[in-house]
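# Examination of the molecular architecture
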Amino acid sequence: TQLLEQSPQFLSIQEGENLTVYCNSSSVFSSLQWYRQEPGEGPVLLVTVVTGGEVKKLKRLTFQFGDARKDSSLHITAAQPGDTGLYLCAGGLQKLTFGTGTRLTIIP
Amino acid sequence: DAMVIQNPRYQVTQFGKPVTLSCSQTLNHNVMYWYQQKSSQAPKLLFHYYDKDFNNEADTPDNFQSRRPNTSFCFLDIRSPGLGDAAMYLCATSPVRVANEKLFFGSGTQLSVL
């Protein structure tokens, strides 16, 4: 079983600050996905990273896939209250396994 | 516009009373998944259908069953709900069952067991 550990588990910061959350595994993944889940809703895909060392940007969000394809990070610049949610990394071959999640709260 | 629809949004059942959750999709995707998500935890895959082929996860209790009568609909049956089965149940779909494939999630059904 490929396990994905995310850190931190909880993060609460002020609006306008920067933050980074991490997704780590001892296994190699062919790709990793990042989802955001808002309360009472299903997860929504933000990005898929495929190539080792790849960096993808989505407005204020920057996603990086580790060179060895065992880890990934999500950096948010100038966080806004709308960024609040549960951030999940996910990977796997025929079925997606989710990471342990980071619950992010942005305080106005 | 909703593409993966789950009904009901909230379901209350009694301990031991069978309950069925439903999921429908308008995407014509081959794969449909059921995930269980407990409070502040990541979604955990229970099982999935690849077309009509049912794939159960090894650690999914026998208490959980599923039916997929056609491409559009998939049901989750909990035969004898226990207090520990209270959770959000998420249905998801994808066109194929490969890495990189995006999952489309419904809004979930929040199940309470009294």
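Structure report, in brief. Predicted model, so just to flag it, every value in this text is computed and none were measured.

## Here we look at the overall build of chain B
Each helix and strand counted, chain B has zero helices and eleven strands in total. When the elements of chain B are put in sequence order from the N terminus, they spell out β-β-β-β-β-β-β-β-β-β-β. Computed over the C-alpha atoms, the radius of gyration of chain B is 13 Å, within 12% of the 13 Å expected from 2.2 N^0.38 for a compact globule of 114 residues. Counting over 114 residues, chain B shows a buried share of 48%. The contacts in chain B between residues at least 6 apart in sequence include a share of 56% that link residues at least 24 apart. Surface summary for chain B: the accessible area is close to 5500 Å², and the carbon and sulfur share equals 49%.

## Section: the sheet that holds strand S8 (residues 73-78) of chain B
Residue and element names in this part refer to chain B. One open sheet accounts for four strands, arranged S1-S3-S8-S7; its pairing is antiparallel. With partners counted over all chains shown, the strands left at the sheet margins are strand S1 (4-7) and strand S7 (64-67), one partner each. The sheet shows a mean angle of 20° between the axes of neighbouring strands, direction not considered. One ladder, built from six bridges, connects strand S3 (residues 19-25) with S8; its direction is antiparallel. Counterpart to Ser24 in the pairing with S8 is Phe73.

## Considering the pattern of salt bridges
All names here are of chain A. With the rule as written, the count across this model stands at five salt bridges over all chains. Across the pair Glu54 and Lys56 runs a salt bridge, and its minimum N-O distance is 3.7 Å. Judged by its relative accessible area of 18%, Glu54 falls in the buried class.

## Quick word on the nonpolar core
Within the largest apolar cluster, 21 residues are counted, with the highest numbers of intra-cluster contacts made by A:Leu19, A:Leu32, A:Trp34, A:Phe63, A:Leu74 and A:Ile76. At the level of secondary structure, the elements contributing two or more residues to this core comprise strand S3 (19-24), strand S4 (32-37), strand S5 (44-49), strand S7 (61-65), strand S8 (71-76), strand S9 (85-91) and strand S11 (102-107) of chain A. Setting aside its immediate chain neighbours within four residues, A:Leu32 contacts A:Leu4, A:Cys23, A:Val47, A:Thr48, A:Val49, A:Phe65, A:Asp71, A:Ser72, A:Ala90 and A:Gly91. In this structure, B:Cys23, B:Tyr49, B:Cys74 and B:Cys91 belong to the second largest nonpolar core, which totals 18 residues.

## Side note on the sheet that holds strand S1 (residues 5-7) of chain A
Residue and element names in this part refer to chain A. In space, the five strands of this open sheet follow the order S1-S3-S8-S7-S6, with antiparallel pairing throughout. Of all strands in the sheet, those bounded by a partner on one side alone are S1 and strand S6 (55-58). Here the average twist between neighbouring strands, direction ignored, is 15°. The pairing of S1 with S3 spans three bridges and is classified as antiparallel. Its bridge partner lying in S3, Ser7 is registered against Tyr22.

## Section: the side chain of B:Thr60
Residue and element names in this part refer to chain B. Inspection of the secondary structure puts Thr60 in the loop between strand S6 (53-56) and S7. For Thr60, a relative accessible area of 5% puts it in the buried group. Within the structure, the side chain of Thr60 is placed 2.6 Å from the backbone oxygen of Leu46, a separation counted as a polar contact. Excluding its chain neighbours within four sequence positions, the residues that come into contact with Thr60 are Leu45, Leu46 and Phe47.

Reading guide: rules and limits
- Residues numbered from 1 in each chain as written.
- Chains lettered and ligands numbered in written order.
- Predicted model: local features only at pLDDT ≥ 70, side-chain atom pairs only at ≥ 80, totals over all residues.
- Heavy atoms only, no water.
- Helix = DSSP H or I, 4+ residues; strand = E, 2+ residues; numbered from the N terminus.
- Rg over C-alpha atoms; globule rule 2.2 N^0.38 Å.
- Buried < 20%, exposed > 50% of the residue type's maximum accessible area, 1.4 Å probe, protein only.
- Contact = heavy atoms within 4.5 Å.
- Areas by Shrake-Rupley, 256 points an atom, 1.4 Å probe, with all protein chains shown as cover.
- Pairing = 2+ DSSP bridges.
- Axes fitted to C-alpha atoms, helices over the stretch in contact; angles between N-to-C directions.
- Salt bridge = Lys/Arg side-chain N within 4 Å of Asp/Glu carboxyl O.
- Core = buried A, V, L, I, M, F, W, Y, C linked by side-chain atoms within 4.5 Å.
- Polar contact = N/O pair within 3.5 Å; in protein donor to acceptor, adjacent residues only side chain to side chain.

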